[in-house]
Amino acid sequence: QVQLVESGGGLVQAGGSLRLSCAVSGRTVSSYAMGWFRQFPGEEREFVATINWSGYRTHYLDSVKGRFTISRDNAKNTVYLQMNSLKPEDTAIYYCAASPFRDTILVRTTEYDYWGQGTQVTVSS
């Protein structure tokens, strides 16, 4: 089965940067559209960014536009989320997800079949 493993989270000061990685195994990552979501304690998982199978199309949560960039390297079976100009309100657990609707822009959690374990991002003020 498809397995996703996130890495790259950590503690950073406001204004700093982190790069999250999502390694995909079991299937080639090009079989999927990929997304990043985040979850605050006690809240629903929130869409952050998505990318189609080829990387040609992307879509972002309004509050992260211009700060976050989703990308993929299909040869490495890896998806990335570059996070710049981080704010304390970005603090959350970030999850990587895969959808078999590989050429569709997807923003709902129910549209993704596979999820990673999550990686904690903490931004200090």
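Small disclaimer: the values here were computed from a predicted structure and weren't measured.

Peer 1: Is there a simple way to think about the pattern of salt bridges in this case?
Peer 2: If the charged atoms of two oppositely charged side chains come close together, the side chains can form a pair. Scanning the model with the defined rule gives 6 salt bridges in all. For the salt bridge of Asp103 with Arg57, the shortest nitrogen-to-oxygen distance reads 2.9 Å. Of the two residues, Asp103 is situated in the loop between strand 9 (92–99) and strand 10 (114–115) and Arg57 in the loop between strand 5 (46–51) and strand 6 (58–60); the sequence distance between them amounts to 46 residues. Taking relative accessible area as the criterion, Asp103 reaches 38% and is therefore assigned partly exposed. A salt bridge links Arg67 to Asp90; its shortest N-O distance comes to 2.7 Å. Placement of the pair is Arg67 in the loop between strand 6 and strand 7 (68–73) and Asp90 in the loop between strand 8 (78–83) and strand 9, with a sequence separation of 23 residues. Assigned by exposure class, Arg67 and Asp90 land together as buried. Overlapping salt bridges, with partners in common, bring together Arg38, Glu46, Arg67 and Asp90 in one network.

Peer 1: Help me understand the pairing of strand 5, please; the structure alone is not making it clear to me.
Peer 2: For a regular strand, the rule is simple: side chains alternate between the two faces of the sheet. By the criterion of burial, strand 5 is predominantly enclosed, with 5 of the 6 residues buried. Linking strand 4 (residues 33–39) to strand 5, which pair antiparallel, is a turn of 6 residues; within it Gly42 sits at a positive phi near 75 degrees. Bridging between strand 5 and strand 6 involves 3 bridges; their strand directions are antiparallel. Looking across to strand 6, one finds that Ala49 is bridged to Tyr60. Linking strand 5 to strand 6, which pair antiparallel, is a turn of 6 residues; within it Gly55 sits at a positive phi near 85 degrees.

Peer 1: Teacher, can you tell me more about the nonpolar core here?
Peer 2: In summary, soluble globular proteins display a tendency toward joint burial of nonpolar side chains. Counting residues in each nonpolar core, the largest one holds 36 residues, and the members touching the most others are Met34, Trp36, Leu81, Met83 and Tyr94. Contributions of two or more residues to this core are made by strand 3 (18–25), strand 4, strand 5, strand 7, strand 8, strand 9 and strand 11 (119–124). With 5 residues, strand 9 is the single largest residue contributor to this core.

Peer 1: Quick question: what am I supposed to make of the state of the cysteines here?
Peer 2: A disulfide bridge is the covalent bond that connects two cysteines by way of their sulfur atoms. Applying the stated criterion to the full structure yields 1 disulfide. At a sulfur-sulfur separation of 2.0 Å, the disulfide partner of Cys22 is Cys96. Between Cys22 and Cys96, the S-S dihedral sits near -80 degrees, and the bridge is therefore left-handed. Within this pair, whereas Cys22 is found in strand 3, its partner Cys96 is found in strand 9, the two being separated by 74 residues in sequence.

Peer 1: Would you take a moment to explain the sheet that holds strand 3 for this structure?
Peer 2: Strand pairing in a sheet takes place through backbone hydrogen bonds and is either antiparallel or parallel in direction. Pairing in this open sheet of 4 strands is antiparallel, and the strands run 1-3-8-7 from one edge to the other. Edge strands, defined here as strands with exactly one partner in the open sheet, are strand 1 (3–7) and strand 7. Going from strand to strand, the sheet's axes swing by 15 degrees on average, the running direction of each strand aside.

Peer 1: Teacher, can you tell me more about the pairing of strand 8 here?
Peer 2: With respect to burial, strand 8 is a largely interior element, 5 of its 6 residues being buried. Sheet topology places strand 3 next to strand 8; 6 bridges connect them, and they run antiparallel. Across the sheet, Ala23 pairs through a bridge with Thr78, a residue of strand 8. Sheet analysis places strand 7 next to strand 8, joined by 6 bridges and oriented antiparallel. From the neighbouring strand, Phe68 faces strand 8, where its bridge partner is Met83. Between strand 7 and strand 8, which pair antiparallel and follow one another directly, the connecting turn spans 4 residues, one of which, Asn77, has a positive phi of 55 degrees.

What counts as what
- Residues numbered from 1 in each chain as written.
- Predicted model: local features only at pLDDT ≥ 70, side-chain atom pairs only at ≥ 80, totals over all residues.
- Heavy atoms only, no water.
- Salt bridge = Lys/Arg side-chain N within 4 Å of Asp/Glu carboxyl O.
- Helix = DSSP H or I, 4+ residues; strand = E, 2+ residues; numbered from the N terminus.
- Buried < 20%, exposed > 50% of the residue type's maximum accessible area, 1.4 Å probe, protein only.
- Pairing = 2+ DSSP bridges.
- Core = buried A, V, L, I, M, F, W, Y, C linked by side-chain atoms within 4.5 Å.
- Disulfide = S-S within 2.5 Å.
- Axes fitted to C-alpha atoms, helices over the stretch in contact; angles between N-to-C directions.

Limitation: the analysis is restricted to geometry and does not speak to function.
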